[in-house]
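Survey of secondary and tertiary structure
Spelled out from the first residue to the last, the chains are:
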Amino acid sequence: YTKRPQMVFQDPFSSLNPSKTIGWILEEPLRIFGKYDEAERKKRVLDMMDRVGLERELVNRKPNELSGGQKQRVSIGVALIRRPRFIVADEPVSALDVSIQGQILKLLLELRDELDLSYLFITHDLNVCYSICDRVAVMYKGEIVEEGPVEEVYNNPQHEYTKMLLEAALL
């Protein structure tokens, strides 16, 4: 386990090294960590591929050979490979098609429950926020203007900016 938070970036297209294979990319945090021998690292890579829903035959492919959803699954796997307890997810589904967004959100929820993870989920999409978050903080001009349980904030917004956001989202 690592005590350090890990990151899932918004754009899986630019956050993965295009010259390396998926196996290499997933193994890199373990190589840096230096705790495992090569056989154990390879086993952990394949286990992580299974966990995030990537077919094992993709291990020798490069990012440009994967779909957007597969790339984001690799990014999630990289963040999880050292078994963190806390993930910062910066707009992790905004670069994906709506149909793929649902699959990735479902995966993130499953992983949260299986691995007892906490997420700091950064999003502009209030529907996404509602579907995945327990608590919400609304920022306006760099300041938190409202925060609380997602149900409470969505059903009884106090700040004018929050009200405007919710009206614009048609929730």
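Our subject is the structure listed above.
Residues numbered from 1 in each chain as written. Predicted model: local features only at pLDDT ≥ 70, side-chain atom pairs only at ≥ 80, totals over all residues. Heavy atoms only, no water.

Let's shift gears to the packing of helix α2 (residues 22–33) against helix α3 (residues 38–51). Viewed as axis vectors pointing N to C, α2 and α3 meet at an angle of 120°, and their least axial separation amounts to 9 Å. By the criterion of interaxial angle, the relationship of α2 to α3 is oblique. Between α2 and α3 lies a crossing whose hand is right-handed. In this structure, α2 uses Ile22, Gly23, Leu26, Glu27, Leu30 and Arg31 to contact α3, whose residues at the interface are Glu38, Arg41, Lys42, Arg44, Val45, Met48 and Met49. (Axes fitted to C-alpha atoms, helices over the stretch in contact; angles between N-to-C directions. Helix = DSSP H or I, 4+ residues; strand = E, 2+ residues; numbered from the N terminus. Parallel < 35°, antiparallel > 145°, perpendicular 65-115°, else oblique. Left-handed = near helix turned anticlockwise from the far one by under 90°. Contact = heavy atoms within 4.5 Å.)

Whether parallel or antiparallel, the strands of a sheet pair through hydrogen bonds between backbone atoms. Read across the sheet, 3 strands follow the order β1-β2-β3 without closing on themselves; strand pairing throughout is parallel. Both outer strands of the open sheet, β1 (6–8) and β3 (118–122), are each paired with one neighbouring strand and no more. With direction set aside, neighbouring strand axes in the sheet form an average angle of 20°. Direction of pairing for β1 relative to strand β2 (residues 86–90): parallel, over a ladder of 3 bridges. Bridged to Val8 within β2 is Ala89. Across the face of the sheet, helix α4 (residues 68–80) comes into contact with β1 and β2 while running at roughly 175° to β1. (Pairing = 2+ DSSP bridges.)

The subject of this paragraph is the nonpolar core. Within the largest apolar cluster, 43 residues are counted, with the highest numbers of intra-cluster contacts made by Met49, Val74, Ile76, Leu111, Phe121 and Tyr154. Examining the composition of this core, we find that 5 residues originate from one element, helix α5 (residues 98–115), more than from any other. What Ile76 contacts, discounting residues up to four positions off in sequence, is Val8, Val52, Ile104, Leu107, Leu108 and Leu111. (Core = buried A, V, L, I, M, F, W, Y, C linked by side-chain atoms within 4.5 Å. Buried < 20%, exposed > 50% of the residue type's maximum accessible area, 1.4 Å probe, protein only.)

Now for the packing of aromatic side chains. Tallied over the entire structure, the rule returns 3 aromatic pairs. Pairing Phe33 with Tyr36 gives two aromatic rings, centres 6.1 Å apart and planes at 55°, and the pair type is tilted. If you follow Lys20 out to its NZ or CZ, it ends over the ring of Trp24, 4.6 Å from the centre. The ring centre of Tyr36 lies 4.0 Å from the NZ or CZ of Arg44, which sits over that ring. (Phe/Tyr/Trp six-rings, centres within 6.5 Å; stacked < 30°, edge-to-face > 60°. Lys NZ or Arg CZ within 6 Å of the ring centre and 35° of its normal.)

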